[in-house]
Amino acid sequence: MKSTPLSTSESALLLKRTVIISIFAAVAVVLSIVESLIPVNMSVPGAKLGLANIMVLTCLYFLRGRDALTLIVLKTVLTAMIFGTFSSFLFSLFGAVFSFVVMYGLLKISGKRLSLIGISIAGGVAHNIGQLTAASIIFKTSSIFYYLPALLLTGIVTGILVGIAVKYLVSSLSKLSLFAGFTD
Amino acid sequence: MKRGDLVLISVVLVAALIFLVPRWVEGNNGNDSEKNHKSPLVATITVDGQVYKTVELTKEEQIIEIKTDHGVNVLKVHDYGIEMMEADCPDQVCLSFGFIDKHNQSIVCLPNKVLVELEGSTGGENQDEVDAIVN
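None of the values given here were measured: they were computed from a predicted structure. (Residues numbered from 1 in each chain as written. Chains lettered and ligands numbered in written order. Predicted model: local features only at pLDDT ≥ 70, side-chain atom pairs only at ≥ 80, totals over all residues. Heavy atoms only, no water.)

### Considering the overall build of chain A
Inference 1: In terms of helices and strands, chain A carries six helices and zero strands.
Inference 2: Mapped in sequence order, the helices and strands of chain A form the string α-α-α-α-α-α.
Inference 3: A globule of 184 residues ought to have a C-alpha radius of gyration of about 16 Å, and chain A, at 17 Å, matches this closely.
Inference 4: Its C-alpha atoms give chain A principal-axis dimensions of roughly 55 × 35 × 30 Å.
Inference 5: Here chain A holds 184 residues, and the buried ones make up 47% of them.
Inference 6: In chain A, the proportion of contacts linking residues at least 24 apart, taken out of those at least 6 apart, comes to 72%.
Inference 7: Accessible surface, chain A: about 9,300 Å² in total, of which carbon and sulfur atoms supply 70%.
Inference 8: Placing the 13 positive and 4 negative side-chain charges of chain A at their respective mean positions leaves the two points 4 Å apart. (Helix = DSSP H or I, 4+ residues; strand = E, 2+ residues; numbered from the N terminus. Rg over C-alpha atoms; globule rule 2.2 N^0.38 Å. Buried < 20%, exposed > 50% of the residue type's maximum accessible area, 1.4 Å probe, protein only. Contact = heavy atoms within 4.5 Å. Areas by Shrake-Rupley, 256 points an atom, 1.4 Å probe, with all protein chains shown as cover. Lys, Arg positive; Asp, Glu negative; His and termini not counted. Charge placed at Lys NZ, Arg CZ, Asp CG, Glu CD.)

### Points about the nonpolar core
Inference 1: Counting 78 residues, the largest nonpolar core has Phe24 of chain A together with Ile45, Leu75, Ile82, Ile107 and Val116 of chain B as its most contacted members.
Inference 2: Broken down by element, the residue count for this core peaks at 10 residues, all from helix α5 (residues 116–139) of chain A. (Core = buried A, V, L, I, M, F, W, Y, C linked by side-chain atoms within 4.5 Å.)

### Brief notes about the interface of chain B and chain A
Inference 1: Taken together, the 31 residues of chain B in the interface contact 32 residues of chain A.
Inference 2: Counting the surface chain B buries against chain A, the share from its top three residues, Leu8, Arg23 and Leu110 of chain B, is 20%.
Inference 3: Run the count over chain B and chain A and you get zero salt bridges.
Inference 4: At the surface where chain B touches chain A, the tally comes to six residue pairs in polar contact (both at pLDDT 80 or more).
Inference 5: Broken down by secondary-structure element, the contributors of at least two residues to the side of chain B that touches chain A are α1 (3–37), β7 (106–109) and β8 (114–119) of chain B.
Inference 6: By residue number, the principal contributor to the side of chain B that touches chain A is α1 of chain B, which donates 11 residues.
Inference 7: Looking at the side of chain B that touches chain A residue by residue, the class counts come to 19 nonpolar, six polar and six charged. (Buried area = accessible area lost by both parts, 1.4 Å probe. Salt bridge = Lys/Arg side-chain N within 4 Å of Asp/Glu carboxyl O. Polar contact = N/O pair within 3.5 Å; in protein donor to acceptor, adjacent residues only side chain to side chain. Nonpolar A, V, L, I, M, F, W, Y, C, P; charged D, E, K, R; others polar.)

Next up, the structure:
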């Protein structure tokens, strides 16, 4: 492939994207750590606040789908390294990617019928379904789906909270010059 | 929030209820007979897909230690149920399952590949015959 030199505006855009993705990935990792420090006992096994999803959804809002996918892979690899949970690496990736596919698809299909809150609920619920599916494949049993209804309900609640956070974050970030070219 | 959001929330709620309602009905019908019969459940513990041990859930306390290459898990049987007491896995999700004592409930420790499933004779006497099958 011949490498054509990028024009100044193109390379500036590329640089901005890269910077945004890396900042978001760093924040997502920090949010995962913060989340693990908060002792929330929701009495539902596997239920999480899903704070890192704030960054994924914000990334989806400003940038392209493949940028958000890069963010997810970065975030999952980094958290696996920090927590030392490589055994469940594929498992987390499965949930995260499934959640991403659903959110990306809904953003494209739904047009303006769903707000960020709706997208975030769908993403949270998809994350739970993805993880349960991964677990049921690994253990070759469907008995884990016993916890699906409870996870669906917690998914709605955490999805609403995450969605509200994304709304505020998006409106504040839109005022920054770094994001000026990406708002539409 | 838009109307689409509310539709989405209702769909998820309905999906959750579809799973939950039969369980409640079953639980209410089954509870009385279950208490009368006191038929103990059996916990099947598998590690990495291989059956590690099966234990009958008794009222008396039993401590089960699972030591494998994947890690160490400590289970405790008491009051016709079972509970994960300790685990050396990094995420500790398995401890959040708490005490389980109902048919079809399970405990999973993903990093250590430990799965505990409760099966039992809630369906009646017919199920006892299955015990004869040997792999």
